Amino acid sequence: MTEQTMSPARPSAPAGTGLPRHAVSLASWRRGDYERVWERAEWMLGSSTETLARTAPGTLLGVLFYQNSTRTRLSFEVAARRIGGSSVGFSDATTTRAGDFYRESLEDTVRVVGSYTDVLALRHTDDDAAERAAAVSPVPVISAGTGDREHPTQAMLDLWVLRSKLGNLTGVTVGYVGDPACRYARSLVHGLAAFNAAGIVFLSPDGAKVPGDVQRTLARAGMTRRTAGSATELLRGVDAVTIIPFELSDFHESAVRSHSRSARLDERFVFDGALLSRTGTGVPVVHTGPRGPELPPETDDVPNVHYFEGVTKGVYLRAALLAELLAEHRRR
Ligand code: CP
């Protein structure tokens, strides 16, 4: 038998542990919920294309993207196809009634597309868009990044990759590189809290602050919070590093604006090949993408940098999440 035709035993959902109906905020996700999705994702990674296609044949994913994306939208669409389904939707709301004269509401758009499909993935400029969608949707809603609020699937993905490198997330200290006020930070901190991580060390743009709600999540979980002044200092004090683009766009803007990015990033914030080989050996590094000068392409060959591994695994994480939410939806 070849690798292509062999598949590991399919994981079954633990009895009595229902996933939340929607994946809009990781505040309500427990350790067992992540483990259930990750177990399915691991199984999918080891399964043949044919086996994977029998996971949820005929499933229709509705893709409502009011904001640009490369990785999240395409990996969701590929995931739907990999598990035997397909996707419909839009990546430019100006082609729909939501973006023209009619200004059709988010709620009505969700009800319309939700009546055609089995599950929805929503990216939106408004902080509360996913919660509003979930309140009216006939099918499960997954936030694919909404305003500054949350980006649950990116956090699930990065935590899965980091756990596979570290063996365990309990008791670890994670370095977070980028603005702590962004949507990914909120989801990540909820995930770290669910696993009883020890703490987080922020390396942030000058002037950036840790928002009050993130501070409260950390305090409730008994996690420590520190700051580092440079990439070198950060690498010396953490077990793993997660990086977002150091220069962020405005998540409340739907279109690409004609703004100029900084010509050069301060070297304090650059994780280059020399630094990672000298100081960060053994500390796994993930990046949400799109990567910028904070993690230059020369690091692609550094063994503990897992940027493109995360990109690849994003399909399996999202395929597993789709499968588990659909299974949960059918059970209810
Ligand atoms: N990580 C992430 O959200 O990337 P995209 O904006 O390309 O989806």
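Note that the coordinates shown come from a computational prediction; the quantities given were computed from them, not determined experimentally.

Caption draft 1: Representation of the domain arrangement of the protein within the structure. Domain boundaries assigned for the protein yield domain 1 (31-151 + 312-331) and domain 2 (153-306). Taken over C-alpha atoms, the centre of domain 1 sits 25 Å from the centre of domain 2. At the boundary of domain 1 with domain 2, total buried surface from both sides reaches about 2700 Å², with 55% on carbon and sulfur atoms. For the interface between domain 1 and domain 2, the tally reads zero salt bridges. Scanning the region where domain 1 abuts domain 2 turns up 13 residue pairs in polar contact (both at pLDDT 80 or more). Counting residues per element, the ones that place at least two in the side of domain 1 that touches domain 2 are α1 (31-45), α3 (71-82), β3 (119-124), β4 (141-146) and α11 (307-331).

Caption draft 2: Layout of the confidence of the model for the protein. Looking at the protein, pLDDT values average 93 and 93% of them are 70 or higher. Ignoring residues within four places in sequence, the model shows residues 1-5, a span with pLDDT below 50, making five contacts including any to other chains.

Caption draft 3: Local environment of helix α4 (residues 106-116). Taken together, the buried positions of α4 are occupied by Leu-106, Thr-109, Val-110, Val-113 and Gly-114. For α4, the angular spread of buried residues about the axis comes to 125°, placing them on one side. Of the residues in α4, the exposed ones pointing more than 90 degrees away from the buried face are Arg-111 and Ser-115. In this structure, the buried side of α4 is in contact with β1 (60-65), β2 (86-90), β3 and α5 (129-136).

Caption draft 4: How the structure looks around the sheet that holds β1. Spatially, β2-β1-β3-β4 is the arrangement adopted by the four strands of the open sheet, whose pairing is parallel. Each of the sheet's edge strands pairs with one partner strand only, and the pair in question is β2 and β4. The average undirected angle you get between the axes of adjacent strands in this sheet is 15°. In the sheet, β1 pairs with β3 via five bridges, with the strands oriented parallel. Looking at the pairing, Val-63 lines up with Ala-121 of β3. Here α4 sits on the sheet in contact with β1, β2 and β3, set at roughly 150° to β3. Sitting on the sheet, α11 touches β1, β3 and β4, and the angle it makes with β4 is about 140°.

Caption draft 5: Structural detail: the nonpolar core. Counting 63 residues, the largest nonpolar core has Trp-29, Trp-38, Met-44, Tyr-176 and Leu-322 as its most contacted members. At ten residues, α11 tops the list of elements feeding residues into this core. For Tyr-176, the contacting residues outside a window of four places in its chain are Cys-182, Tyr-184, Ala-185, Leu-188, Ile-200, Val-201, Phe-202, Leu-203, Leu-234, Thr-242 and Ile-244. Listed in part, the 23 residues of the second largest apolar core include Ala-231, Leu-234, Leu-235 and Val-285.

Rules and cut-offs
- Residues numbered from 1 in each chain as written.
- Predicted model: local features only at pLDDT ≥ 70, side-chain atom pairs only at ≥ 80, totals over all residues.
- Heavy atoms only, no water.
- Domains from an automatic or database assignment.
- Buried area = accessible area lost by both parts, 1.4 Å probe.
- Salt bridge = Lys/Arg side-chain N within 4 Å of Asp/Glu carboxyl O.
- Polar contact = N/O pair within 3.5 Å; in protein donor to acceptor, adjacent residues only side chain to side chain.
- Helix = DSSP H or I, 4+ residues; strand = E, 2+ residues; numbered from the N terminus.
- pLDDT = per-residue confidence, 0-100.
- Contact = heavy atoms within 4.5 Å.
- Buried < 20%, exposed > 50% of the residue type's maximum accessible area, 1.4 Å probe, protein only.
- Arc of directions from axis to C-beta.
- Pairing = 2+ DSSP bridges.
- Axes fitted to C-alpha atoms, helices over the stretch in contact; angles between N-to-C directions.
- Core = buried A, V, L, I, M, F, W, Y, C linked by side-chain atoms within 4.5 Å.

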